[in-house]
Protein chains: 2
Amino acid sequence: MTTPTTLQDCQTLDAQDPLRSLRDHFTLPAGVIYLDGNSLGVMPKATPARVAEVVTQEWGTDLIRSWNSASWFDLPQRLGNQIAPWIGANTGEVVATDSTSINLFKVLSASILIANQAHQDCSEGQNGPKNNRKIIVSERSNFPTDLYIAQGLCAQHGLQLQLVDAGDIPASLTPEVAVLMLTHVNYRTGAMHDMAAITALAHAAGALTVWDLAHSAGAVPVDLHAANADFAIGCGYKYLNGGPGAPAFVWVHPRHADAFAQPLSGWWGHAAPFAFTPDYRPAPGIARYLCGTQPIISLAALGCGLDVFDAAKPLGGMAALRQKSLALTDLFIHLLEERCAGHGLAIATPSDHNQRGSQVSFAYAPSGQSTGTTSPAFAVIQALIARGVIGDYRAGQADSAHLLRFGFTPLYLRFEDVWHAVEHLRQVLTTAEWKRPEFNQAHAVT
Amino acid sequence: MTTPTTLQDCQTLDAQDPLRSLRDHFTLPAGVIYLDGNSLGVMPKATPARVAEVVTQEWGTDLIRSWNSASWFDLPQRLGNQIAPWIGANTGEVVATDSTSINLFKVLSASILIANQAHQDCSEGQNGPKNNRKIIVSERSNFPTDLYIAQGLCAQHGLQLQLVDAGDIPASLTPEVAVLMLTHVNYRTGAMHDMAAITALAHAAGALTVWDLAHSAGAVPVDLHAANADFAIGCGYKYLNGGPGAPAFVWVHPRHADAFAQPLSGWWGHAAPFAFTPDYRPAPGIARYLCGTQPIISLAALGCGLDVFDAAKPLGGMAALRQKSLALTDLFIHLLEERCAGHGLAIATPSDHNQRGSQVSFAYAPSGQSTGTTSPAFAVIQALIARGVIGDYRAGQADSAHLLRFGFTPLYLRFEDVWHAVEHLRQVLTTAEWKRPEFNQAHAVT
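Description of the structure in this document.

## Topic: the overall build of chain A
If you tally the helices and strands in chain A, you get 13 helices and 15 strands. Dimensions along the principal axes, computed over C-alpha positions, put chain A at roughly 70 × 60 × 40 Å. When burial is assessed residue by residue, chain A has 61% of its 446 residues classed as buried. In chain A, once contacts between residues fewer than 6 apart in sequence are set aside, the share between residues at least 24 apart is 72%. Accessible area of chain A: about 15,000 Å², with a carbon and sulfur share of 53%. The distance from the centre of the 28 positive side-chain charges to the centre of the 37 negative ones in chain A is 3 Å.

In structure tokens:
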């Protein structure tokens, strides 16, 4: 653009937005511009009434009878079927259950065993190597809990977790690698992997893939079948707006689903859970990735988040969501460059649409402006939050910068919100408001 | 008693009941006598408002800021501290999290490793046996999901699950046994183990104990420290009234808690979860038994159930609850014998108070009265439910009878309820009401 972008320009974009009606499905607190839907999505308007119905009617009044009358036992499958079309999975291939970490343990356990079985079958001859794929490869910058879960599994089974930078993934895929475990969209930078290309690389090397869709499901196009992926997990409380700590989901390609009974073999994954037989017999398909009794109230709340996605289908579905998401992040980056130039913001999110998720992160480390125990990036986020612009801060590690992180959820964000957010940021930077003592106290949990 | 017990006798007992005010803490649907609190506890009156607060205020309005302002991250510990005094644990030793099955996997993994470490340390000499305790002993009649989880772990680690009858437990404790895994109160019969005596037997044999308190916590006296137990897990949605599928809990004796990082090593169990370092470092104590992000709405509902137990403390605590529970089950058994004699009811629950949980089960299999595909016991339960008396049915296995099962929760049940329940049963049996076709349809999920 040659002329500066105005608030009116943004309002025009909002007026033309084919998805603008979806905002009405959510409760957004007054005075808040919420750019943290990649951490905890906002509340759908339908959720309070639905949760109240589950609590007072299904539980309080119908009590134990609701296992039948409200089909509580099938909730993981019904919600999984609502998630499936948004990640390129088919009906019956996804369940909503447990936490992302727990589900990762399940699929990682399965993938290691299956990778070694496949290798046995395909080895050069009877003297060829067997069960010798002992390595899980992941990115050093993967979300830590994914690495922790892999470490726990490695410690149990004498495996090795090898952490590499994104560019070194192809070279890391040696014949010893069982599984490549990646998060599709990086939680810090918003950088997105090419799932199909990387999966093909892994398969060519005889390894399987485990994809964490925590920052992808409902945010960017995902086609697990087209990518020929093997296993996937994801989060219910970020872009899916399922509520704090909402149950997660798990997908397994049908070619693997019946090959292995994952070790968290609880009764909900039994072929006949109400037969109460002493021997475990895994259910066919994805149901065997269930374990224990699920938190029904939280599961029901997740359903309200998924219902909004149902409403997005006739408005263009993921293609429309993606188009708006990129327009929002493009606008944010453009306005940062136009209105916050000269303050030393360093954008960490790829400019290439094919490599960008639905968030924008940038570093802010002005030289000579240290205020003591906290980073300027942290202080800027605190100052923005005080103004009602909610993003978040992710501290850098030894090899990475402190980042300000902003999520852009096309379901409920307006272009006008982007304009105001950048204007607040501009004021925080130009007035050095972020240097105030109250924004520079020791980090609390965020 | 020599003269028949009357309804008025029961009403007198209610008038004298020091716990009678606790019933006011619950919403009980009209026309229902609920004897299934051992399967799904009833709803505390405080729950709908508390859940609404979490949904609309903490989530909907405060959004991501509630991780700090509402201390969501500490909920597992805070709820654990409310559970602790009811199971003989200390503050800081219990967390409420995940499902019973998942928690069992954690403690079973830990117990096997620790049992073998201890054995190494204590072996006769350097040439003594090491890491050769490969057996998990459990009861054949244990709740199936416990057996399934043990089977999943055994398959992963080349261990063996040995199932025995209760009477054969002492003889089963050979030097190869790593862990004795028992449910304290049997889910079918209500038979209760002597936790201290059996734990002592296990320890004498060099094995550790894992106790499932699903049918004990909040229902019978449990003193884990006095029993010198090693590990325990339990359920939030039965006697604790936490709501459908409420998160479970886990306790580890402090002598073991820091000895092992359980394999489900997610970020909530990290010593510094918000440092986001790539390496897992387990938190000290019970916090390392946390894994992924927890379902906050369901956790908050569990808190309301536990608050009622707080209210029970000044009324006499567990001693008073136990006294009433035994009085309720004694009355039920007595009325069955007095009013339902001659119908072939065979009580499966021990008459000895020291061996009885807070439920009564009995078989009903009248000869020559088969009505086809379903059992008479199932049909009787269906007929009772139609009358508003809610108990449940547990089908027998090859070596066990079909049972009618009735839970007696001293927090909200009245002696009068027991009288009416038996009267309904008497009518169902004497009029053969249970033979009606609608009570003899193929079993649905219950």
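## Points about the packing of helix α4 (residues 75-83) of chain B against helix α10 (residues 296-312) of chain B
In helix packing, the relevant descriptors are the interaxial angle and the interaxial distance, both defined with respect to the helix axes. All names here are of chain B. Between α4 and α10, whose axes approach to 10 Å, the crossing angle comes to 25°. With respect to α10, the element α4 is oriented roughly parallel. Where α4 crosses over α10, the handedness of that crossing is left-handed. Here α4 contributes L75, P76, L79, Q82 and I83 to the contact with α10, which in turn contributes I296, L299, A300, L302, G303, L306, D307 and D310. Looking at the contact of α4 with α10 residue by residue, the classes come out as 9 nonpolar, 2 polar and 2 charged.

## Structural notes on the environment of A:S141
All names here are of chain A. Relative to the helices and strands, S141 is located in the loop between β5 (135-139) and α6 (144-157). Along the backbone, S141 and L163 are 22 residues apart, and their C-alpha atoms lie at a distance of 8.5 Å. Once residues lying within four places of it in the same chain are set aside, the contact partners of S141 are N186 and Y187. Here the side chain of S141 touches N186 through a polar contact of 3.0 Å, side chain to side chain.

## As for the sheet that holds strand β14 (residues 392-394) of chain A
All names here are of chain A. In spatial order, the strands read β11-β12-β15-β14; together these 4 strands make up an open sheet with antiparallel pairing. Of all the strands in the sheet, just β11 (345-347) and β14 have a single pairing partner and so form its edges. Put simply, the sheet's adjacent strands are angled 35° from each other on average, direction ignored. Relative to strand β15 (residues 403-407), strand β12 (residues 359-364) runs antiparallel, the two sharing 5 bridges. Bridging across to β15, A363 finds its partner in L403.

## Considerations on the sheet that holds strand β6 (residues 160-164) of chain A
Pairing between the strands of a sheet comes from backbone hydrogen bonds, and it takes one of two forms, parallel or antiparallel. Residue and element names in this part refer to chain A. What the 7 strands build is an open sheet, ordered β4-β10-β9-β8-β7-β5-β6; its pairing is mixed. Two strands in the sheet have a free side with no partner beyond their single neighbour: β4 (94-97) and β6. Pairwise comparison of adjacent strand axes, ignoring direction, gives a mean angle of 20° for this sheet. Sheet strands touched by helix α8 (residues 195-204): β7 (177-183) and β8 (208-212). Its angle to β8, the strand with the most contacts, is close to 150°.

## A closer look at the interface of chain A and chain B
Between chain A and chain B, the contact holds 79 residues from the first and 79 residues from the second. Between chain A and chain B, a total of about 6,800 Å² is buried, with carbon and sulfur atoms accounting for 70% of that surface. Sorting the residues of chain A by area buried against chain B places A:W59, A:Y148 and A:F276 first, and these three jointly supply 12% of that buried surface. For the interface between chain A and chain B, the tally reads 0 salt bridges. Viewed at the interface, chain B and chain A are joined by 23 residue pairs in polar contact (both at pLDDT 80 or more). Contributing elements (two or more residues each) for the side of chain A that touches chain B: β3 (43-44), α2 (47-61), α5 (100-122), α6 and α10 (296-312) of chain A. With 10 residues, α6(A) is the single largest residue contributor to the side of chain A that touches chain B.

## Digging into the pattern of salt bridges
Evaluation of the coordinates by the stated rule reveals 34 salt bridges over all chains. Across the pair B:D17 and B:K324 runs a salt bridge, and its minimum N-O distance is 2.7 Å. Linking B:D17 in the loop between α1 (7-16) and β1 (26-27) with B:K324 in helix α11 (residues 317-339), this pair joins segments that are 307 residues apart in sequence. As far as burial versus exposure is concerned, B:D17 and B:K324 are alike and both buried. Residues B:R426 and B:E423 are paired through a salt bridge, measuring 2.9 Å at the closest nitrogen-oxygen approach. Here B:R426 pairs with B:E423, and both are found in helix α13 (residues 415-430), just 3 residues apart, close to one helical turn. One network of salt bridges, with partners in common, ties together A:R23, A:R414 and A:D417.

## Details of the relation of the copies chain A and chain B
For the pair chain A and chain B, the superposition axis carries a translation of 0.0 Å, the fit reaches an RMSD of 0.0 Å, and the rotation angle comes to 180°. Given the turn and translation reported, the copies of this chain are related as if by a two-fold rotation axis. Residue A:S298, judged by its C-alpha, is the member of chain A lying nearest the rotation axis, at 2.8 Å. Both copies present the same face, since 100% of the interface residues in chain A are matched by interface residues at the equivalent positions in chain B.

## Structural notes on α10(B)
Each turn of an α-helix holds 3.6 residues, which means side chains three or four residues apart point in the same direction. A rise of 1.5 Å per residue sets the reference length of α10(B), with its 17 residues, at 24 Å; its end C-alpha atoms lie 25 Å apart and thus fit the reference within 8%. By the criterion of burial, α10(B) is predominantly enclosed, with 14 of the 17 residues buried.

## Comments concerning the packing of α2(A) against helix α2 (residues 47-61) of chain B
In contact at an axis separation of 10 Å, α2(A) and α2(B) are set at 165° when each is read in the N-to-C sense. With respect to α2(B), the element α2(A) is oriented roughly antiparallel. In this structure, α2(A) crosses over α2(B), and the sense of that crossing is right-handed. Where α2(A) abuts α2(B), its residues A:T47, A:P48, A:V51, A:V55, A:T56 and A:W59 lie against B:T47, B:P48, B:V51, B:V55, B:T56 and B:W59. Among the residues making up the contact of α2(A) with α2(B), the classes are represented as 8 nonpolar, 4 polar and no charged.

## Some points on the side chain of B:T329
Residues and elements named next belong to chain B. For T329, the position within the fold is in helix α11. Note on T329: relative accessible area 0%, which makes it buried. Ignoring sequence-local partners within four residues, the contact set of T329 consists of R356, S358, Q359, V360 and F408.

Reading the values: rules and limits
- Position labels on residues start from 1 in each chain and follow its written sequence.
- Labels are handed out in written order, letters beginning with A for the chains and numbers beginning with 1 for the ligands.
- A pLDDT threshold of at least 70 governs which residues receive local features in this predicted model, and a stricter bar of 80 or more applies before side-chain atom pairs are shown or counted, although totals over entire chains, interfaces and linings include all residues.
- Each side-chain value is derived from all of the structure's non-hydrogen atoms; neither hydrogens nor water enter the calculation.
- Starting at the N terminus, helices and strands are each numbered in turn, a helix being any DSSP run of H or I of at least four residues and a strand any DSSP run of E of at least two.
- Each residue is placed in one exposure class: buried if its accessible area under a 1.4 Å probe, protein chains only, is under 20% of its type's maximum, exposed if it is over 50%, and partly exposed if it falls in between.
- By definition in these notes, contact holds between two residues if any of their heavy atoms fall within 4.5 Å.
- All accessible-area figures derive from a Shrake-Rupley calculation using a 1.4 Å probe, and residue coverage is judged against the displayed protein chains alone.
- Charge counting follows a simple rule: Lys and Arg are positive, Asp and Glu are negative, and His as well as the terminal groups are ignored.
- Positions of charges follow a simple convention, taking NZ of Lys, CZ of Arg, CG of Asp or CD of Glu.
- Here an angle of 0 to 180 degrees is reported between the N-to-C directions of two axes, which are lines fitted to C-alpha atoms, with helices fitted over the stretch in contact.
- In what follows, roughly perpendicular refers to angles from 65 to 115 degrees, roughly parallel to angles under 35, roughly antiparallel to angles over 145, and oblique to any angle outside these ranges.
- When the near helix sits turned anticlockwise from the far one by under a right angle, the crossing is termed left-handed; a clockwise turn instead gives a right-handed crossing.
- Gly counts as polar in this scheme, as do all residues outside two lists: the nonpolar Ala, Val, Leu, Ile, Met, Phe, Trp, Tyr, Cys and Pro, and the charged Asp, Glu, Lys and Arg.
- Any pair of nitrogen or oxygen atoms within 3.5 Å is treated as a polar contact; in protein, a donor-acceptor pairing is required on top of that, and neighbouring residues in sequence qualify only through side-chain atoms on both sides.
- One bridge is not enough; two strands pair if DSSP finds at least two bridges between them.
- Put simply, buried area is how much 1.4 Å-probe accessible surface two parts lose in total, over both of them, once they are put together.
- Salt bridge, as used here: a side-chain nitrogen of Lys or Arg that lies within 4 Å of a carboxyl oxygen of Asp or Glu.
- The copies are overlaid by a least-squares fit using only the C-alpha atoms of residues whose pLDDT is at least 70 in both copies.
- For a helix, the expected span equals 1.5 Å multiplied by the number of residues minus one.

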